[in-house]
Amino acid sequence: MLYRTFGKTGLSVSSLGFGCMRLPLTDPKRPETIDEAASARLLDIAIEMGVNYVDTAYPYHAAVPFTAGQSELFVGKYLKGGKRDKVYLATKLPSWSIQTREDCDKYLNEQLTRLQTDHIDFYLVHCIMKQFWGNLKNARVFEFLDAALKDGRIRYAGFSFHDELPLFNEAVDAYPWSFCQIQYNFMDEQYQAGRTGLEYAAGKGLGVTIMEPLRGGSLTSNVPPAIQSIWSKAETRRSPAAWALRHVWNHPGVSVVLSGMNQESHLRENLETAETALPGSLSEKEREIIEAVRKEYRARIKVDCTGCKYCMPCPVGVNIPGCFSLLNNAAMFEDVGTARFQYGMYVGEGKASKCVECGACAVKCPQRIPIPEKLKDVVATLER
């Protein structure tokens, strides 16, 4: 296992981290039914092979989204069996539930009990987005973090992010964080914080944890033949997963890459890939292969929206760029299910079905996209 310095903390973390959001299940239709024996086996292998970063969160493996899930309970039980001192434990404050300063302490104390530990090594404010940011600041979340650091309940404070670059930069500068967690992969270099945000955070001395390096499996499951043919042209043969992970690890600002590995074969492959994933280790030809794959995926988009936002704000509140981005995702990766899940989570009240066809957006669009008509495609694909 290769290790990297986790930003200003100075700690050495495994380049591959174990994400506990997609653990094996006894009932695939019920996310709360963690297969504890299979999950423990995977963690045993990961830790034995040098993984020292384990990531969970309050709502992971919940029967109802955004409520208390089973992941923390399982991880606490597992680590209690002599493994706690072998790993750095990360979990997250459920930001959507925070209204007061007291809420912050309530959830952290509950999480310490659920995880059967007296401290969290890496504690994140979960899912910073515009809709939560104001409440968090009003609830004096920074004062809470100061207190939790001082009394030892948490060792380092960070945040995870699911919004746009300007808010990311604002969040980075709002508090003396030790680390952050962002989505990053070869298809998302301009999405959310993206490469620019990664480099901004790393430049400020933050450790950078990467989530969704495989885009929730979209880059590895049901790979279209045209994409696979490009991967097959490389001199060094790798699986799509190995290519995607190597791309992320190639960036020197990346500290640890999380993967939700629920099969032993996936875990062992990722462990093997991590053994040679040094920063800057991809050749120019290998980077060209990845770029060719990116272009092929991009050629599949349904709406040529650049995200310039000249169409915004919509008079009735439709999140036009967000709707088109997820419609394009469904087409590029032939994965409507994931796109629908993300649509419900991130578009919120800005759904395409709110469109009244006033046409105010279309006349502002530099790409001359017939926006009201294309929003009907969003409704047909992601809302039905």
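Heads up: the structure comes first, above all this text.
About the cut-offs
- Residues numbered from 1 in each chain as written.
- Predicted model: local features only at pLDDT ≥ 70, side-chain atom pairs only at ≥ 80, totals over all residues.
- Heavy atoms only, no water.
- Helix = DSSP H or I, 4+ residues; strand = E, 2+ residues; numbered from the N terminus.
- Polar contact = N/O pair within 3.5 Å; in protein donor to acceptor, adjacent residues only side chain to side chain.
- Contact = heavy atoms within 4.5 Å.
- 1 Å grid on protein atoms, 1.4 Å probe; cavity = no way out; pocket = protein on both sides within 12 Å on 5 of 7 lines; lining within 4 Å.
- Points joined across faces, edges and corners; volume = space filled by probe spheres on them.
- Nonpolar A, V, L, I, M, F, W, Y, C, P; charged D, E, K, R; others polar.
- Salt bridge = Lys/Arg side-chain N within 4 Å of Asp/Glu carboxyl O.
- Buried < 20%, exposed > 50% of the residue type's maximum accessible area, 1.4 Å probe, protein only.
- Pairing = 2+ DSSP bridges.
- Axes fitted to C-alpha atoms, helices over the stretch in contact; angles between N-to-C directions.
- Core = buried A, V, L, I, M, F, W, Y, C linked by side-chain atoms within 4.5 Å.
- Parallel < 35°, antiparallel > 145°, perpendicular 65-115°, else oblique.
- Left-handed = near helix turned anticlockwise from the far one by under 90°.

**Q** For this particular structure, what's the right way to read the side chain of N270?
**A** One can find N270 in helix α10 (residues 264-274). Of note is the side chain of N270, whose polar atom sits 3.2 Å from the side chain of S259. Setting aside its immediate chain neighbours within four residues, N270 contacts L16, L245, W249, S259 and M261.

**Q** How should I be thinking about unusual backbone geometry in this particular structure?
**A** Of note, the amide linkage connecting M312 to P313 takes the cis form, showing an omega dihedral of 0°. Inspection of the secondary structure puts P313 in the loop between α11 (284-298) and α12 (320-332). The phi torsion at H61 lies on the positive side, around 60°, for a residue other than glycine. When you line up the elements, H61 lands in the loop between β4 (53-55) and α2 (71-80).

**Q** Any chance you could explain empty space enclosed by the protein here in plain terms?
**A** Over the atoms, a rolled probe matching the size of one water molecule traces out where space is still vacant. Summed over the entire model, instances satisfying the criterion amount to 4 cavities of 30 Å³ or more. In this structure, the largest cavity occupies an estimated 90 Å³ of space. What lines the largest cavity is a set of 14 residues, among which C305, C308, C311, C365 and I369 lie closest to the centre. Partitioning the lining of the largest cavity into residue classes produces 10 nonpolar, 3 polar and 1 charged. Size it by volume and the second largest cavity reaches roughly 70 Å³. As for the second largest cavity, its lining consists of 13 residues, and the residues nearest its centre are C314, I320, C355, C358 and C361.

**Q** Help me understand the layout of surface pockets in this model?
**A** For the second largest pocket, the calculated volume is near 1300 Å³. Those elements that place two or more of their residues in the lining of the second largest pocket are α4 (130-138), α6 (165-174), α11, α12 and α13 (336-347). The leading source of residues in the lining of the second largest pocket is α12, at 8 residues. Looking at the lining of the second largest pocket residue by residue, the classes come out as 16 nonpolar, 14 polar and 10 charged.

**Q** Sorry if this is basic, but what is going on with the pattern of salt bridges here?
**A** A side chain of one charge can pair with a side chain of the opposite charge when the charged atoms of the two come close. On inspection of all chains with the given rule, the structure shows 30 salt bridges. Across the salt bridge formed by E264 and R41, the nearest N and O atoms sit 3.8 Å from each other. In this pair, E264 sits in helix α10 while R41 sits in helix α1 (residues 36-48), placing the two residues 223 residues apart along the sequence. Relative accessible area serves as the criterion here: at 32%, E264 is assigned to the partly exposed category. In this structure R41 comes out as partly exposed when scored by relative accessible area, which is 43%. D151 serves as the salt-bridge partner of R153, at 3.0 Å between the closest nitrogen and oxygen. Taken together, the shared-partner salt bridges in this structure form one network comprising R101, D105, R140, E143, D151 and R153.

**Q** Just to check I follow, could you spell out the sheet that holds β4 for this structure?
**A** Note: strands within a sheet are paired through backbone hydrogen bonds, in either parallel or antiparallel orientation. Spatial strand order, β3-β4-β5-β6-β7-β8-β9-β10: 8 strands in a closed barrel with parallel pairing. If you compare each strand with its neighbour and ignore which way they point, the axes differ by 30° on average. In terms of strand pairing, strand β6 (residues 120-128) meets strand β7 (residues 154-161) through 6 bridges, oriented parallel. Its bridge partner being in β7, V125 is matched across the sheet by F159.

**Q** Please clarify how the nonpolar core should be interpreted in this entry.
**A** It is characteristic of soluble globular proteins that their nonpolar side chains tend to be buried jointly. Core analysis: the largest hydrophobic core is formed by 92 residues, its most contacted members being L145, F159 and Y297. Not counting chain neighbours up to four residues away, the residues in contact with Y297 comprise F186, M187, S218, L219, V223, P224, I227, M332 and F333. Counting 22 residues, the second-largest nonpolar core is a separate cluster that includes C323, L326, Y343 and V347.

**Q** What should I look at first to understand the packing of α4 against α6 in this one?
**A** Packed helix pairs are characterised by how far apart their axes lie and by the angle those axes make with each other. Relative to each other, α4 and α6 sit at 20°, their axes nearing to 12 Å. In terms of orientation, α4 and α6 fall into the roughly parallel class. Crossing of α4 against α6: the hand is left-handed. Between α4, through K130, W133 and K137, and α6, the contact on the second element is made entirely by L167, E170, A171 and A174. A breakdown of the residues in the contact of α4 with α6 according to their chemical character gives 4 nonpolar, no polar and 3 charged.

**Q** Got a minute to help me understand the packing of α1 against α2 in this structure?
**A** Between α1 and α2, the shortest axis-to-axis distance is 11 Å and the interhelical angle comes to 55°. With respect to their mutual orientation, α1 and α2 come out oblique. For α1 against α2, the interelement crossing comes out right-handed. Contacts between α1 and α2 pair E36, S39, A40, L43, D44 and I47 from the former with F74, K77 and Y78 from the latter. Tallied by class, residues from the contact of α1 with α2 come to 5 nonpolar, 1 polar and 3 charged.

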